[in-house]
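# Architecture and fold: a report
These are the residues of each chain, in order.
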Amino acid sequence: MNTHHARQRRGRIAWVLTCLIGLSLVGSMLGACGRIGSPQPPGPRSDFTYNRSYPAPDR
């Protein structure tokens, strides 16, 4: 194989990999955009357990 063609192929592969990595980074950053407010767990507020004091007052 001609070394010139091998260099061109390696350069093209490196360019494609760089583009794929860049697109995946941009996509992951844009995937988090537009979220309003703090994350809230699903369900009614009475089912949340992380805001309780320790030990629980009902014990």
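An account of the accompanying structure is given in this report. Here the structure is a predicted model, which means the values were calculated and not measured.

## A short note on the overall build of the chain
If you tally the helices and strands in the chain, you get one helix and zero strands. Taking all 59 residues of the chain together, 3% fall into the buried category. Total accessible area on the chain stands at roughly 5,900 Å², and carbon and sulfur atoms take up 62% of it.

## Things to note about a nonpolar patch on the surface
The grouping of Ile13, Trp15, Val16, Leu17 and Leu20 at the surface amounts to a nonpolar patch, some 520 Å² of accessible area in total. With respect to the element layout, Ile13 can be found in helix α1 (residues 3-31). Ile13 sits in the partly exposed class, given a relative accessible area of 47%.

Cut-off values and rules
- Here the residue index of a chain counts from 1 through its sequence in written order.
- At least 70 in pLDDT is required for a residue's local features to be given in this predicted model, at least 80 for side-chain atom pairs to be given and counted, and no such filter applies to totals for whole chains, interfaces and linings, which use all residues.
- As a rule here, side-chain values cover all heavy atoms of the structure and leave hydrogens and water aside.
- In DSSP terms, a helix is any run of H or I states spanning at least four residues, a strand is any run of E spanning at least two, and both are numbered starting from the N terminus.
- The classification of residues rests on relative accessible area computed with a 1.4 Å probe and restricted to protein chains. Under 20% of the type maximum is buried, over 50% is exposed, and intermediate values are partly exposed.
- Areas reported here follow the Shrake-Rupley algorithm with a probe of radius 1.4 Å; residue values treat only the protein chains shown as occluding.
- Like charges within 9 Å and nonpolar side chains (Val, Leu, Ile, Met, Phe, Trp, Tyr) within 5 Å are joined into patches, using only residues over 30% in relative accessible area that form no salt bridge.
- Any Lys or Arg side-chain nitrogen located within 4 Å of an Asp or Glu carboxyl oxygen qualifies as a salt bridge.

Any functional reading would require information that these geometric values do not contain.
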